[in-house]
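Results of the structural survey
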Amino acid sequence: MNLCASRRKACLLQPEISRRAGLALRQPARLWDGLVDRMLTSKSVSVYDITIEIGDIAVSVRTESSEFARLMEDRYAEFVIREPWQRAMEQPVMELDVELLLDSGIPNHESDLGDAAEDDVSVRIQANRWVMERGDFRAEWDPECRRGWVRQSLNPYAIDSVLRILHSLILARSGGFLIHAASAVRNGRAFIFAGESGAGKTTLSRLAPRDATILTDEISYVKPVAGNRAGANGGPFEAFGTPFAGELARIGQKTRACLAGMFILRQGPENRLESLTEREAAWELFRHVLFFARDEDLVRRVFESILEFVRCVPVQRMAFQPNAAAWELIA
Amino acid sequence: MSAMYIARSREIAARALGGEMMIMSARDSTLFNLNELGTLIWQAADGATTLEQIVERKICAEYEVEPALALADAEAYVRELEGFGILRVSGQPITDAA
């Protein structure tokens, strides 16, 4: 009787994913329109208000820096809500005030710390507020008031991480989660592609046929269909596009579709699919879900959401050769 | 040997899938997968039944295994799960078992 061999471990608390995009910084600042409409006056200082909507959740990022505002507009492109009618949902906007620390000695996470430091994110609850810290930022979030602040240097990586953490926390409370995975929509149905680094997420995204819409090549956004929450009869899940880019350095399309399947990728000698049991699928999913908080209640919710997901959505292991024929497996 | 009572920790999320337990520690979000035998012990860990009784009723009754050996293995196993914080072990009945 070998009881001891029956235990396996995986950690849901994954390190942040490395950012390599640097889109906005290296592009010439483009002229923007409607700037005056978004300028609010507060204590005779101009406040720029950039509302970024991801997965129906709008976060209004407020800054006094026109340079940072322009950085946000460029980086989040179509995810920036310019007019109220562009909003997908009538939910209240969350507010995030960004305070830039100039010449503060805070390292630029992207250039100075590198990948090795990506796991130093700390997320904890302190006096009913979420406190998020990494070498290059400190942020607080009050989930009741739906307000918070970020203190960071002028770079796009810190705010990008804060938004990921914030969305992972908000999603956890509503039965969804972020996954380190690519996702795409084809024929109105969404598919998720997860795998170890180098398993082929970016390759498969690059090989996508013209009729496929890439939601993201890096961080997938999964949420139960509204009004059909997990726990009822277990509704289907939806995938949303995200601006969180990976190696393609290209943000996803701002669209959504019901999830029809998930594939665990590995490059192989032939294109082949293999179905996973719910338990195998759950195990794989746990490895790729991004969740940062050490909070018992939220961990339980994410656990239940993952099990609900594998109950509703078919998960298959997909071996593929890096050519366009791989997409024939995805129907 | 003194009696050993076991109870599932309260700080976990757990679900049986395909006859095996998936358990997540809510404290540090570590995930565990128990095999068929581990699952039998886990499901019987009510804080009121001794480990010896569990092994006798759930394992020795179903599997061809020498009782003393099975108990020794089970003891090492529950100590390990205790170390991970997902199982409680006591010399007395555990009355507030989850």
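Relevant structure appears above.
The rules behind these values
Residues numbered from 1 in each chain as written. Chains lettered and ligands numbered in written order. Predicted model: local features only at pLDDT ≥ 70, side-chain atom pairs only at ≥ 80, totals over all residues. Heavy atoms only, no water. Pairing = 2+ DSSP bridges. Helix = DSSP H or I, 4+ residues; strand = E, 2+ residues; numbered from the N terminus. Axes fitted to C-alpha atoms, helices over the stretch in contact; angles between N-to-C directions. Contact = heavy atoms within 4.5 Å. Left-handed = near helix turned anticlockwise from the far one by under 90°. Nonpolar A, V, L, I, M, F, W, Y, C, P; charged D, E, K, R; others polar. Buried < 20%, exposed > 50% of the residue type's maximum accessible area, 1.4 Å probe, protein only. Polar contact = N/O pair within 3.5 Å; in protein donor to acceptor, adjacent residues only side chain to side chain. Core = buried A, V, L, I, M, F, W, Y, C linked by side-chain atoms within 4.5 Å. Domains from an automatic or database assignment. Salt bridge = Lys/Arg side-chain N within 4 Å of Asp/Glu carboxyl O. Phe/Tyr/Trp six-rings, centres within 6.5 Å; stacked < 30°, edge-to-face > 60°.

**As for the sheet that holds strand β6 (residues 87-90) of chain B**
Pairing between the strands of a sheet comes from backbone hydrogen bonds, and it takes one of two forms, parallel or antiparallel. Residue and element names in this part refer to chain B. Pairing in this open sheet of three strands is antiparallel, and the strands run β5-β1-β6 from one edge to the other. The sheet terminates laterally at β5 (46-50) and β6, the two strands that pair on one side only. Pairs of neighbouring strands in the sheet enclose a mean axial angle of 25°, with direction left out of account. Across two bridges, the pairing between strand β1 (residues 5-8) and β5 is antiparallel. Bridging from a neighbouring strand, Tyr 5 pairs with Thr 50 of β5. Here helix α1 (residues 36-44) sits on the sheet and contacts β1, β5 and β6; the angle it forms with β1, its principal contact strand, is near 95°.

**Structural notes on the packing of helix α2 (residues 51-60) of chain B against helix α3 (residues 67-83) of chain B**
All names here are of chain B. The geometry of α2 relative to α3 is characterised by a closest axis approach of 10 Å and an angle of 120° between their N-to-C directions. Crossing handedness for the pair α2 and α3: right-handed. For the pair α2 and α3, contact is made by Leu 51, Glu 52, Val 55 and Cys 60 and by Pro 67, Ala 70, Leu 71, Ala 74, Glu 75 and Val 78, respectively. Of the residues contributing to the contact of α2 with α3, the split by class is eight nonpolar, no polar and two charged.

**Re α1(B)**
Considered for burial, the residues of α1(B) that qualify are B:Leu37, B:Gly38, B:Thr39, B:Ile41, B:Trp42 and B:Ala44. At the N-terminal boundary of α1(B), the capping side chain belongs to B:Asn35, with an oxygen 3.1 Å from the backbone nitrogen of B:Leu37.

**A few points about the nonpolar core**
All names here are of chain A. Judged by nonpolar contacts, the single largest core of 83 residues is most densely connected at Ile 52, Met 132, Ile 159 and Phe 309. The greatest single-element share of this core, amounting to ten residues, is contributed by helix α5 (residues 156-173). Both domain 1 (23-173) and domain 2 (177-329) contribute no fewer than three residues apiece to this core. Residue contacts for Phe 309: discarding those within four places in its chain leaves Phe 177, Ile 192, Val 222, Phe 237, Leu 259, Met 262, Leu 285 and Val 315.

**As for the pattern of salt bridges**
Evaluated as defined, the whole model comprises 30 salt bridges over all chains. A salt bridge links A:Arg147 to A:Asp97; its shortest N-O distance comes to 2.9 Å. In this pair, A:Arg147 sits in strand β10 (residues 147-152) while A:Asp97 sits in strand β6 (residues 94-100), placing the two residues 50 residues apart along the sequence. We note a salt bridge from B:Asp96 to B:Arg88, for which the minimum N-O separation is 3.3 Å.

**Regarding the pairing of strand β8 (residues 129-134) of chain A**
All names here are of chain A. Across five bridges, strand β7 (residues 122-126) lies against β8 in antiparallel orientation. When the sheet's bridge partners are listed, Ile 125 is paired in β8 with Trp 130. Connecting β7 to the antiparallel partner β8 that follows it, the hairpin turn spans two residues, and Ala 127 within it adopts a positive phi of roughly 50°. Sheet analysis places β8 next to strand β9 (residues 137-142), joined by five bridges and oriented antiparallel. Along β9, the bridge assignment pairs Val 131 with Glu 140.

**As for the packing of aromatic side chains**
Residue and element names in this part refer to chain A. Taken as a whole and judged by the stated rule, the model has eight aromatic pairs over all chains. Between the aromatic rings of Phe 191 and Phe 263, the centroid separation amounts to 6.0 Å while the plane-to-plane angle is 35°, which identifies the pairing as tilted. One end of the pair, Phe 191, is in strand β12 (residues 189-194); the other, Phe 263, is in strand β16 (residues 256-267), with 72 residues separating them in the sequence. Side by side, Phe 191 and Phe 263 carry an identical accessibility label, which is buried. Here Tyr 221 and Phe 240 contribute two aromatic rings whose centre-to-centre distance is 5.7 Å and whose plane-to-plane angle is 65°, an arrangement assigned as edge-to-face. Note that Tyr 221 is positioned in strand β14 (residues 219-224) and Phe 240 in strand β15 (residues 237-240), a separation of 19 residues in sequence. The same class applies to Tyr 221 as to Phe 240, namely buried. Among the aromatic residues, those joined into a cluster by ring pairs are Phe 191, Phe 193, Phe 263 and Trp 327.

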